[in-house]
Amino acid sequence: ADAAERDVEVGDVPNPTDAQDGALFHLKRQWGETVQEIRGKGPMNSIKDVALDTVDVVHCTAKTAVDLAKLVAAPAVDEIRERGAIGAVKDATGVVKDATVGAVTGATV
């Protein structure tokens with residue numbers, strides 16, 4: 001089997017013939033870095049680091065979700081503030097009135 005078809009092993013390093021942006025290149029590099037980190041820190045400290053990294057990722061993801069929700073809701077919030085709650089109620093009342101009149105008129109024709 002050629003180098004691209006064999007399994008990734010502990011001692012693997014990126015091959016100069018691997019495409020620099022290819023998945024195998026990145027996988028080999030990440031694998032090698034992970035193995036070196038575990039060897040240097042030991043398994044327990046590596047697990048601790050993974051747990052802390054996971055917390056950071058979850059925190060960043062949650063913050064991004066909140067920021068996106070604020071961005072999406074901002075136009076509606078601004079409109080409600082501009083028109084005010086009373087204006088929104090008047091608009092809703094007008095819609096219900098028009099629908100009721102239309103239903104009654106349609107039923108009596």
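A. Fine view of the overall build of the chain. For the chain, the helix and strand inventory stands at two helices and zero strands. Looking at the chain as a whole, 10% of its 109 residues are labelled buried. Counting only contacts in the chain whose residues sit at least 6 apart along the sequence, the fraction spanning at least 24 positions is 10%. Approximately 8800 Å² of the chain is accessible, and the part contributed by carbon and sulfur atoms is 66%.

B. Region of the structure containing helix H1 (residues 23–41). Helix length check: H1, at 19 residues, gives a terminal C-alpha distance of 27 Å against a target of 27 Å (1.5 Å per residue), a fit within 8%. Considered for burial, the residues of H1 that qualify are Phe25, Lys28, Gly32 and Val35. One side of H1 carries all its buried residues, which in axial view fall inside an arc of 105°. Two residues or fewer past H1, Gly42 is found with a positive phi of approximately 90°.

C. Representation of the pattern of salt bridges within the structure. Using the criterion set out here, one finds four salt bridges in the structure. Lys41 serves as the salt-bridge partner of Glu37, at 3.2 Å between the closest nitrogen and oxygen. Of the two residues, Glu37 and Lys41 are both situated in helix H1; the distance of four residues between them amounts to about one turn of the helix. Salt-bridge contacts for Asp67 lead to Lys63; the nearest nitrogen and oxygen are separated by 3.0 Å. Placement of the pair is Asp67 and Lys63 together in helix H2 (residues 43–108), with a separation of four residues, close to one helical turn. In this structure Asp67 comes out as partly exposed when scored by relative accessible area, which is 37%. We classify Lys63 as partly exposed; its relative accessible area is 47%. A single salt-bridge network, built from bridges that share partners, covers Glu37, Lys41 and Asp49.

D. Up close: a nonpolar patch on the surface. Among the surface-exposed residues, Leu68, Leu71 and Val72 lie close enough to one another that they form a single nonpolar patch of about 330 Å² accessible area. Mapped onto the elements of the fold, Leu71 is located in helix H2. Given the relative accessible area of 61%, Leu71 is considered exposed.

E. View of the confidence of the model for the chain. Scored by pLDDT, the chain has a mean of 76; 72% of the residues are at 70 or more. Counting interchain partners and residues more than four positions distant, the pLDDT-below-50 stretch residues 1–5 has four contacts.

Conventions and cut-offs
Residues numbered from 1 in each chain as written. Predicted model: local features only at pLDDT ≥ 70, side-chain atom pairs only at ≥ 80, totals over all residues. Heavy atoms only, no water. Helix = DSSP H or I, 4+ residues; strand = E, 2+ residues; numbered from the N terminus. Buried < 20%, exposed > 50% of the residue type's maximum accessible area, 1.4 Å probe, protein only. Contact = heavy atoms within 4.5 Å. Areas by Shrake-Rupley, 256 points an atom, 1.4 Å probe, with all protein chains shown as cover. Expected span 1.5 Å × (residues − 1). Arc of directions from axis to C-beta. Salt bridge = Lys/Arg side-chain N within 4 Å of Asp/Glu carboxyl O. Patch = residues over 30% accessible without salt bridge, like charges linked within 9 Å, V, L, I, M, F, W, Y side chains within 5 Å. pLDDT = per-residue confidence, 0-100.

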